[in-house]
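# Survey of secondary and tertiary structure
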Amino acid sequence: MATPSVTLGIDLGTTSVKAALVEAAPGHPLGFAVLASCVRAARAEVAARSAATAPQAREQDVNRIIQALNECLAALPQQALRKVCGIGVSGQMHGVMFWKTGQGCEWIEGGAARVFQPRAVSQLVTWQDGRCSSEFLASLPQPESHLSVATGFGCATIFWLLKNSPEFLKSYDAAGTIHDYVVAMLCGLPRPQMSDQNAASWGYFNTRSQTWNVEILRASGFPVHLLPDIAQPTSVAGRTSQMWFEIPKGTQVGVALGDLQASVYSCMARRTDAVLNMSTSAQLVAAMPSGFQPAPTPDPAAPVAYFPYFDRTYLAVAASLNGGNVLATFVHMLAQWMADLGKVRPPQRFYKLNVLMMRLHGDSTLLVLGTGHTLEILVEFLKQCGCSSATCRNVDYLVWGVGGT
């Protein structure tokens, strides 16, 4: 009797890292069964390294993200890891990090397991980064793409660094999302590979031709050598170059996927389904019919964007910047209040709330559209308060101290 195939799924989110072992189960309604899973809060937010960086910058420590990933792998049943025949990786889109080819990581014996640690890498500039002002974005060349370029997009960030910290870019010769980096390190790739899902999230990528806007970028002095090679989202990026925990050397690793596309794929049973994805942010998603092509030029005012999916199809996406990040801010607020009141508690105590919420609702919880009871409860709560409207001014989401400082 053939041994059931086991696949390791990894998601490198903005607030947490998740890993799951999935086994093929032909008799199961979904066709697979989850053998084990683990989630770890990344706690990776750090101050920007560059003195020229605007105060709206949002960066994360890659070392902390990889540490959380290694903790997830260590928590999974090691005997099951020996059966892994394939690895799939997804993660937060739009962001960018840099590394030196051949020096991006080092493999070490981490206790009882072999793990990799980042070496010559930058911090991750996330999708939440706000250093690119509207004036700066207006100064950039018009992309040959149906998607607009916004602050937090990889190419916009590189343009900003080119103008404000050109010496920084000279320190690296490779770039990608955090999940592109993990795939490159696992496989020992000489150049990073990027799916069209992640490339579109960077900006300056034409989904019809499946190419970067190289001529447009080069004409503006953009370091085009940093652009990753494009690969189909269903393709294999390579094989593990080292034994990783108990995962055998030579295990296939897929090209990194966008977290939104991976989430939708996991639960969209029929292409007529609509999906509400709740992660750090939130998106309402519907699949477009086969053959659909978005308008060739971007419309920044359009409420719906079209993201590449699989098999050259698209998802219609109505996105919100608020989701699990609101919970993270709430936890930070509680910790700050306790400190202001002289009742200091270890941060781990508060992050238990984050992890609990992840387990109850999932950092990438997927809900097929339902009755909206949460909204009804919220509306009823406002009615009970006797409040029909309210106004707040000069409120910064980072400033919620008891003293109003």
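Residues numbered from 1 in each chain as written. Predicted model: local features only at pLDDT ≥ 70, side-chain atom pairs only at ≥ 80, totals over all residues. Heavy atoms only, no water.

### A word on the overall build of the protein chain
- Along the protein chain, the regular secondary structure elements total 12 helices and 23 strands.
- Here the protein chain, with 405 residues, has 45% of them falling under the buried criterion.
- Considering only contacts within the protein chain whose residues lie at least 6 apart along the sequence, 70% involve residues at least 24 apart.
- As presented, the protein chain carries roughly 20,200 Å² of accessible surface, and 57% of it is formed by carbon and sulfur atoms. (Helix = DSSP H or I, 4+ residues; strand = E, 2+ residues; numbered from the N terminus. Buried < 20%, exposed > 50% of the residue type's maximum accessible area, 1.4 Å probe, protein only. Contact = heavy atoms within 4.5 Å. Areas by Shrake-Rupley, 256 points an atom, 1.4 Å probe, with all protein chains shown as cover.)

### Some remarks on the confidence of the model for the protein chain
- Residues at a pLDDT of 70 or more form 80% of the protein chain, whose mean pLDDT is 84.
- Residue range residues 357-385 is modelled with pLDDT below 50. Its contacts to residues more than four positions away, or to other chains, number 38 contacts. (pLDDT = per-residue confidence, 0-100.)

### Details of the pairing of strand β22 (residues 314-320)
- Bridging between strand β20 (residues 282-287) and β22 involves 6 bridges; their strand directions are antiparallel. Paired with Leu284 across the two strands is Ala318, which belongs to β22.
- In the sheet, strand β21 (residues 305-308) pairs with β22 via 4 bridges, with the strands oriented antiparallel. The residue bridging Pro308 from the neighbouring strand is Tyr314, located in β22.
- Between β21 and β22, which follow one another and run antiparallel, lie 5 residues, and Asp311 among them has a positive phi close to 55°. (Pairing = 2+ DSSP bridges.)

### Comments concerning the sheet that holds strand β10 (residues 124-125)
- Across the sheet, which stays open at both edges, the 3 strands sit in the order β4-β5-β10 with antiparallel pairing between neighbours. Sheet topology places β4 (45-46) and β10 at the edges, where each strand pairs with a single neighbour.
- Relative to strand β5 (residues 59-60), β4 runs antiparallel, the two sharing 2 bridges. Bridged to Glu45 within β5 is Gln60.

### As for the packing of aromatic side chains
- Tallying each qualifying case throughout the model produces 15 aromatic pairs.
- Among the aromatic residues, those joined into a ring-pair cluster are Trp107, Phe116, Trp244 and Phe245. (Phe/Tyr/Trp six-rings, centres within 6.5 Å; stacked < 30°, edge-to-face > 60°.)

### Some words on the side chain of Gln123
- The residue Gln123 is located in the loop between β9 (113-118) and β10 in this model.
- Of the polar contacts made by the side chain of Gln123, one reaches the side chain of Glu59; its length is 2.5 Å.
- Those residues in contact with Gln123 that sit more than four places away from it in its chain are Val46, Ala47, Ala48, Arg49, Glu59, Gln60, Val62, Val96 and Met97. (Polar contact = N/O pair within 3.5 Å; in protein donor to acceptor, adjacent residues only side chain to side chain.)

### Focus on the packing of helix α1 (residues 62-75) against helix α6 (residues 178-187)
- The interhelical angle for the contact between α1 and α6, taken along N-to-C directions, is 65°, at an axis separation of 12 Å. The handedness of the crossing between α1 and α6 is right-handed. Across the interface between the two elements, Val62, Ile65, Ile66 and Leu69 of α1 pack against Ile178, Tyr181 and Val182 of α6.
- In terms of residue class, the contact of α1 with α6 is built from 7 nonpolar, no polar and no charged. (Axes fitted to C-alpha atoms, helices over the stretch in contact; angles between N-to-C directions. Left-handed = near helix turned anticlockwise from the far one by under 90°. Nonpolar A, V, L, I, M, F, W, Y, C, P; charged D, E, K, R; others polar.)

### Overview of the pattern of salt bridges
- Within this structure, the stated rule accounts for 11 salt bridges.
- Where Arg218 meets Glu215, a salt bridge forms, and the shortest distance between an N and an O atom there is 3.1 Å. Remark: Glu215 and Arg218 occur in helix α8 (residues 214-219); sequence separation between them is 3 residues, near one turn of the helix.
- The exposure class assigned to Arg218 is partly exposed, which follows from its relative accessible area of 44%.
- On the basis of relative accessibility, which here comes to 56%, the residue Glu215 falls in the exposed class.
- The partner of Arg270 in a salt bridge is Asp273, and the shortest N-O contact between them spans 3.4 Å.
- If you follow the salt bridges from partner to partner, you end up with Glu59, Asp129 and Arg131 in one network. (Salt bridge = Lys/Arg side-chain N within 4 Å of Asp/Glu carboxyl O.)

### Quick look at the nonpolar core
- Membership of the largest hydrophobic core comes to 51 residues, with the highest contact counts inside it found for Leu8, Leu73, Phe116, Tyr181 and Trp244.
- Broken down by element, the residue count for this core peaks at 8 residues, all from α6.
- With near-sequence residues (within four places) excluded, Trp244 lies in contact with Leu8, Ile10, Leu69, Asn70, Leu73, Ile87, Trp107, Arg114, Val115, Phe116 and Leu186.
- Of all hydrophobic cores here, the second largest spans 42 residues; its members include Val149, Cys155, Val264 and Ala287. (Core = buried A, V, L, I, M, F, W, Y, C linked by side-chain atoms within 4.5 Å.)

### Some thoughts on the environment of Phe222
- Looking at the secondary structure, you find Phe222 in the loop between α8 and β15 (229-231).
- Residue Phe222 is classed as buried on the basis of its relative accessible area, which comes to 4%.
- Put simply, Phe222 and Phe159 are 63 residues apart on the chain and 6.7 Å apart in space, counted from C-alpha to C-alpha.
- In contact with Phe222, other than residues within four places in its own chain, are Cys155, Ile158, Phe159, Leu162, Leu217 and Leu227.

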